[in-house]
Amino acid sequence: MYSDADYIINLRHEIHEYPEIGFELPKTIAVVKRELGKLGVEYTENYGESSVVATINPQKSHFTIGIRADMDALLIEEKTDLPFKSKIKGQMHACGHDAHTAMLLGTAKALKEMEDEISCRVMLVFQPSEEGIRSGAEALVNGGVMDEIDVIIGMHIENWLPSGSIGVCKGSSMASSRNFRVDFHGATAHATLPHSGIDALATAIRTYNNIQYMLGREINPFSKYVCSVGKLSGGTSQNIIADQAYMLGTIRTFDMELDSFLIKRIEEIANNTASEVGAKAVLDTSLKAFVVYNNPYISDLVLKSGEKIVGKDKIVNMPEKLSSEDFSQYLTKKPGVFIRLGTRNEEKGCVTLPHNNDFLIDEDAFPVGTDTCVQFVLDNMNGIDMEKTYDSDERVKK
C-alpha cells in the first residue's frame with residue numbers, strides 16, 4: 001500500500017547476517033545511516049549512545065509523532081538454515097529486531113516520498129540495547145528525545161499471532177523488569193577444615209532457599225509477578241571453601257509496590273542469612289523497564305489505522321504478558337502504544353517463539369507493519385486531542 005516490500009526484506013537480510021549486541025552496533029548503525037542518507041532524511045546521533053534519530057519534516061515541530069525500533073541482537077548461536085543466517089558466531093537476531101529496524105527504514109522511505117503531504121513532524125528512533133542490562137531507551141530519554149515527541153508508537157513482531165494481523169493490549173500490557181545481583185563474601189579454608197572458613201557458596205544457597213520460602217508464604221497468590229534466580233555461582237576448586245559467590249535474578253510485575261517489596265525482602269533475607277554465619281551480602285539492583293502502559297485512547301487510534309491496512313478480521317486484542325520492554329521508558333514521559341505485528345505462519349515453519357536459536361518469522365508481514373505506522377501518521381498528523389489521553393488508570397510513572 002505504502003511500503004516497498006523488497007526494500008524492507010533485503011535490508012532485514014543484511015542486518016540479520018551481522019547481529020550485534022547491546023550498544024556495540026557499528027555495522028547496524030552504518031546500514032541505518034547509509035539508508036537515511038540515500039533517502040535524504042535528516043538524522044542525528046546526539047540523543048544517546050549508539051542511537052540514530054531521523055526526522056521527517058523537521059520544521060513542523062508543532063506536533064510530533066515518534067516511531068521506535070530496536071536494533072540489537074542476542075547472544076545465541078543460530079541454528080536455522082536461512083541463506084542469510086548469522087555470520088557472527090554466538091550471536092543471532094532471535095527476537096526480530098532486524099525486522100523492526102528494516103520496517104522503520106521502510107517507514108522512513110514511505111514517509112519521505114510523501115513528506116509534503118504530511119502536516120506534522122515524525123521522529124524515527126533507532127534504539128540500541130533493548131536486550132541488554134543497561135537500557136538503550138533510558139539513555140535516549142535521558143538524552144532528551146521525548147522532549148521533542150508528543151505521542152510515540154513502537155512495534156514488535158509476534159509469533160503468537162497469525163501473519164499480517166495487528167494486536168494491541170490496552171492499558172497495562174507488559175510487566176516491569178528489575179535485575180538484581182547479590183554478592184556473598186566469606187573466607188577461604190581447606191575443604192577438610194570448613195570450620196576455619198566462612199562458606200560463601202553455602203550462604204548463597206541458603207539465601208536462595210529462603211527467597212523461595214518468602215515467595216511461597218509472603219506474596220498474595222493472586223498477584224501477577226515473576227521472581228526468578230537464573231544464576232548462582234561460587235568457589236574456585238573442589239577442595240577449597242568458597243570465599244565468594246553470587247546470584248543473578250529478575251523480578252517482573254504489574255505492581256510497582258510489589259516490586260519494591262520483593263527487592264527489599266531479598267536484601268533483608270540475604271543480609272540476615274549472611275550475618276548468621278559471619279559472611280557479608282551486598283545487593284545491586286536496577287529497574288530496567290517499567291510497566292508498558294498502552295494509552296487506551298491512542299490504542300483505539302492505532303487500531304483504526306491498522307484496520308484500514310489489514311481489515312477488521314485481523315485486528316486482535318492482545319492479553320497481558322509478564323515479559324518486559326524498555327519501550328516503557330518512553331511512556332513515562334509521553335503517551336503511546338506498543339503494537340504487535342503477527343508473523344506466525346505454520347506452513348512456512350514460522351512458529352518458534354523469540355529467544356530460540358531456530359527463530360523464524362514470516363517476512364510477508366513486514367509491509368503490514370510499515371503500512372500501519374505510515375497510516376497512523378497520516379490519520380493523526382493534524383494532532384490528537386491530548387485531553388483524551390489522560391485516564392484515571394494510568395499508573396506507570398517514575
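Note: the structure precedes this text.
This report concerns the structure included in the present document. (Residues numbered from 1 in each chain as written. Predicted model: local features only at pLDDT ≥ 70, side-chain atom pairs only at ≥ 80, totals over all residues. Heavy atoms only, no water.)

1. A short note on the sheet that holds strand 11 (residues 280-289)
- A sheet is described by the order of its strands in space; here 4 strands give the open sequence 9-10-8-11, paired in antiparallel fashion. Strand pairing shows two members of the sheet lacking a second neighbour, strand 9 (225-234) and strand 11, which therefore form its edges. Each neighbouring strand pair of the sheet contributes to a mean axis angle of 15°, computed without reference to strand direction.
- Of the pairings in the sheet, the one linking strand 9 to strand 10 (residues 244-253) comprises 9 bridges and is antiparallel in character. Each bridged residue has a counterpart across the sheet, and for Val-226 the counterpart in strand 10 is Arg-252.
- Strands in contact with helix 5 (residues 200-217) are strand 8 (176-185), strand 9 and strand 10; relative to strand 9, the strand with the most contacts, it is inclined by about 170°.
- Its contacts with the sheet put helix 6 (residues 256-277) on strand 8, strand 9, strand 10 and strand 11, and the angle it makes with strand 11 is roughly 165°. (Pairing = 2+ DSSP bridges. Helix = DSSP H or I, 4+ residues; strand = E, 2+ residues; numbered from the N terminus. Axes fitted to C-alpha atoms, helices over the stretch in contact; angles between N-to-C directions. Contact = heavy atoms within 4.5 Å.)

2. Description of helix 6
- Helix length check: helix 6, at 22 residues, gives a terminal C-alpha distance of 33 Å against a target of 32 Å (1.5 Å per residue), a fit within 8%.
- Looking only at helix 6, the buried set comprises Leu-258, Asp-259, Leu-262, Ile-263, Arg-265, Ile-266, Ile-269, Ala-270, Thr-273 and Ala-274. For helix 6, the arc enclosing every buried residue in end-on projection is 160°, short of the 170-degree limit, so these residues lie on one face. In this structure, helix 6 carries Glu-257, Lys-264, Ser-275 and Glu-276 as exposed residues pointing more than 90 degrees from its buried face.
- On its buried side, helix 6 packs onto strand 8, helix 5, strand 9, strand 10 and strand 11.
- The N-capping residue of helix 6, defined by a side-chain oxygen 2.9 Å from the backbone nitrogen of Glu-257, is Asp-255.
- One or two positions beyond helix 6, positive phi appears at Gly-278, with a value near 85°. (Expected span 1.5 Å × (residues − 1). Buried < 20%, exposed > 50% of the residue type's maximum accessible area, 1.4 Å probe, protein only. Arc of directions from axis to C-beta. Polar contact = N/O pair within 3.5 Å; in protein donor to acceptor, adjacent residues only side chain to side chain.)

3. Observations concerning the nonpolar core
- Formed by 65 residues in total, the largest nonpolar core has its most connected members in Leu-36, Ile-67, Leu-124 and Phe-126.
- Tallying contributions element by element places helix 3 (residues 97-113) first for this core, with 8 residues.
- Among residues more than four places away in sequence, those in contact with Phe-126 are Val-32, Leu-36, Ser-51, Val-52, Ala-69, Met-71, Thr-101, Leu-104 and Leu-105.
- Core analysis: the next-biggest nonpolar cluster, separate from the first, contains 24 residues, Ile-219, Cys-227, Ile-251 and Ala-274 among them. (Core = buried A, V, L, I, M, F, W, Y, C linked by side-chain atoms within 4.5 Å.)

4. Looking at the environment of Thr-44
- For Thr-44, the position within the fold is in strand 1 (residues 42-44).
- Exposure remark for Thr-44: the relative accessible area of 22% places this residue in the partly exposed category.
- Sequence spacing of Thr-44 and Lys-33 is 11 residues, and the spatial spacing of their C-alpha atoms is 9.4 Å.
- Among residues more than four places away in sequence, those in contact with Thr-44 are Ser-51, Val-52 and Val-53.
- There is a polar contact of 3.1 Å between the side chain of Thr-44 and the backbone nitrogen of Asn-46.

5. Let's talk about the sheet that holds strand 2 (residues 52-56)
- The strand order 1-2-4-3-5-14-6-13 describes an open sheet built from 8 strands, whose pairing is mixed. Because the sheet does not close on itself, it has two edges, and the strands there are strand 1 and strand 13 (315-317). The mean angle between the axes of side-by-side strands here comes to 30°, regardless of whether they run parallel or antiparallel.
- Bridge count for strand 3 (residues 64-70) against strand 5 (residues 151-162) is 4 bridges, and the pairing is parallel. Paired with Ile-67 across the bridge in strand 5 is Ile-153.
- Against the sheet, helix 2 (residues 26-39) touches strand 1, strand 2 and strand 4 (121-127), its axis set at about 15° to strand 2.
- Along the sheet face, helix 7 (residues 296-310) touches strand 5, strand 6 (166-168), strand 13 and strand 14 (336-344) and points at about 35° away from the line of strand 14.

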